[in-house]
Amino acid sequence: MSNDLHNYPTPSVTVDCVVFGYDGTDLSVLLIQRKEAPFESMWTIPGGFLWMEETFETTANRILATKAGLQGIFLEQLYTFGEIERDPRKRVLSVAYFALVNPSNYQVVAGDAAHEAKWFALSELPALGFDHQDVIQVAQQRLKAKVIYQPIGFELLDEQFTLTELQHLYETILEQSIDKRNFRKKILETGVLKNTGLKRTGVKNRAPELYEFNKEAYQGKVNFSLF
């Protein structure tokens, strides 16, 4: 059997990025409207081909910077998608990443290959090109699982937040109601929150306390488990 690599067919590889955002009410996904075929004028998640000199993460960062104007954001590798006919052009494997951002902290700018870049609520996604509906579903399930044992949800909030705002974020991600007293007890026991000594102003009722994420206390040293 020949060891010549030229004797084997070689698929192309893309990197696709599911970017989740949170506006205080809804969990959303960043989509771009393609200018080019295939799926011209349809919405997709930001993606592009892997360059030979790049790592997957380097490609993901390049794609987010050039196609959506996003830099320096939380990124984590999600899954590899390899269905044979997932791309009508040729055999293409996709290494997917998911990202978490607070949309109020970033200005989204569509790149040259897109008509527009826009946030869509997860409950109101348009028809998507490629298999990107499946990619988003896998990313959503990963987010639901990880937010219970790793404080990644803080990437979606303002630097300072109330416990009510934090609980609403968790309820939005998990798509379920959470007991208020139990949530507050467990989240405070983890040690990942720091009371700022400040209170939210401009509210009708009693001003709630503001917290920050205590990165120094986390660093894998606390048992972060909410359920």
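Predicted model only: the values in this text are computed from it and were never measured. (Residues numbered from 1 in each chain as written. Predicted model: local features only at pLDDT ≥ 70, side-chain atom pairs only at ≥ 80, totals over all residues. Heavy atoms only, no water.)

The step from A37 to P38 runs through a cis peptide bond, and the omega angle for that step is 0 degrees. One can find P38 in the loop between β2 (27-34) and β3 (43-44). At F39, a position not held by glycine, the phi torsion is positive, near 65 degrees. Relative to the helices and strands, F39 resides in the loop between β2 and β3. Residue F39 is classed as partly exposed on the basis of its relative accessible area of 28%. (Helix = DSSP H or I, 4+ residues; strand = E, 2+ residues; numbered from the N terminus. Buried < 20%, exposed > 50% of the residue type's maximum accessible area, 1.4 Å probe, protein only.)

Another point: the packing of aromatic side chains. In the structure shown here, the tally under the stated rule is seven aromatic pairs. Seen from their ring centres, Y79 and F81 are 5.0 Å apart, and the 70 degrees between their planes marks the pair as edge-to-face. Taken together, the ring pairs connect F154, F161 and F213 into an aromatic cluster. Here the guanidinium or amino end of R62 rests over the ring plane of W51, the centre of that ring lying 3.7 Å away. (Phe/Tyr/Trp six-rings, centres within 6.5 Å; stacked < 30°, edge-to-face > 60°. Lys NZ or Arg CZ within 6 Å of the ring centre and 35° of its normal.)

Turning next to the layout of surface pockets. Each pocket or cavity is described by its volume, and for the largest pocket that value is around 350 Å³. In terms of lining residues, the largest pocket is bounded by 20 residues, among which F154, L157, E159, F213 and K215 are the most central. Broken down by secondary-structure element, the contributors of at least two residues to the lining of the largest pocket are β6 (92-101), β9 (209-213) and α5 (215-218). If you add up the space inside the second largest pocket, you get close to 280 Å³. Lining the second largest pocket are 20 residues; nearest its centre among them are R34, G47, G48, K67 and R89. (1 Å grid on protein atoms, 1.4 Å probe; cavity = no way out; pocket = protein on both sides within 12 Å on 5 of 7 lines; lining within 4 Å. Points joined across faces, edges and corners; volume = space filled by probe spheres on them.)

As for its placement among the helices and strands, G48 is situated in strand β4 (residues 47-49). By relative accessible area, G48 is classed as buried at 14%. Separated by 21 residues in sequence, G48 and L27 place their C-alpha atoms 24 Å apart. Ignoring sequence-local partners within four residues, the contact set of G48 consists of V13, T14, V15, D16, T59, I63 and K67. (Contact = heavy atoms within 4.5 Å.)

Right, let's get into the confidence of the model for the protein chain. With 94% of its residues at a pLDDT of 70 or more, the protein chain has an overall mean of 91. Within the protein chain, α5 has the poorest average pLDDT of any element, 74, and β3 the best, 98. (pLDDT = per-residue confidence, 0-100.)

Our next topic: the pattern of salt bridges. For the structure on display, the rule yields 10 salt bridges. The partner of R142 in a salt bridge is E76, and the shortest N-O contact between them spans 3.7 Å. With R142 in helix α2 (residues 132-149) and E76 in strand β5 (residues 74-81), the pair connects residues that are 66 residues apart, well separated along the chain. Its relative accessible area of 27% is what places R142 among the partly exposed residues. Since its relative accessible area comes to 17%, E76 is described here as buried. Note that E76 is salt-bridged to K146, the shortest N-O span being 2.7 Å. Highlighted residues: E76 in strand β5 and K146 in helix α2, separated in sequence by 70 residues. (Salt bridge = Lys/Arg side-chain N within 4 Å of Asp/Glu carboxyl O.)

This brings us to the packing of α2 against helix α3 (residues 163-174). Axis separation between α2 and α3 bottoms out at 9 Å; the angle between their running directions is 145 degrees. Note that α2 runs across α3; the crossing there is left-handed. Where α2 abuts α3, its residues L143, K144, V147 and I148 lie against Y170, I173 and L174. (Axes fitted to C-alpha atoms, helices over the stretch in contact; angles between N-to-C directions. Left-handed = near helix turned anticlockwise from the far one by under 90°.)

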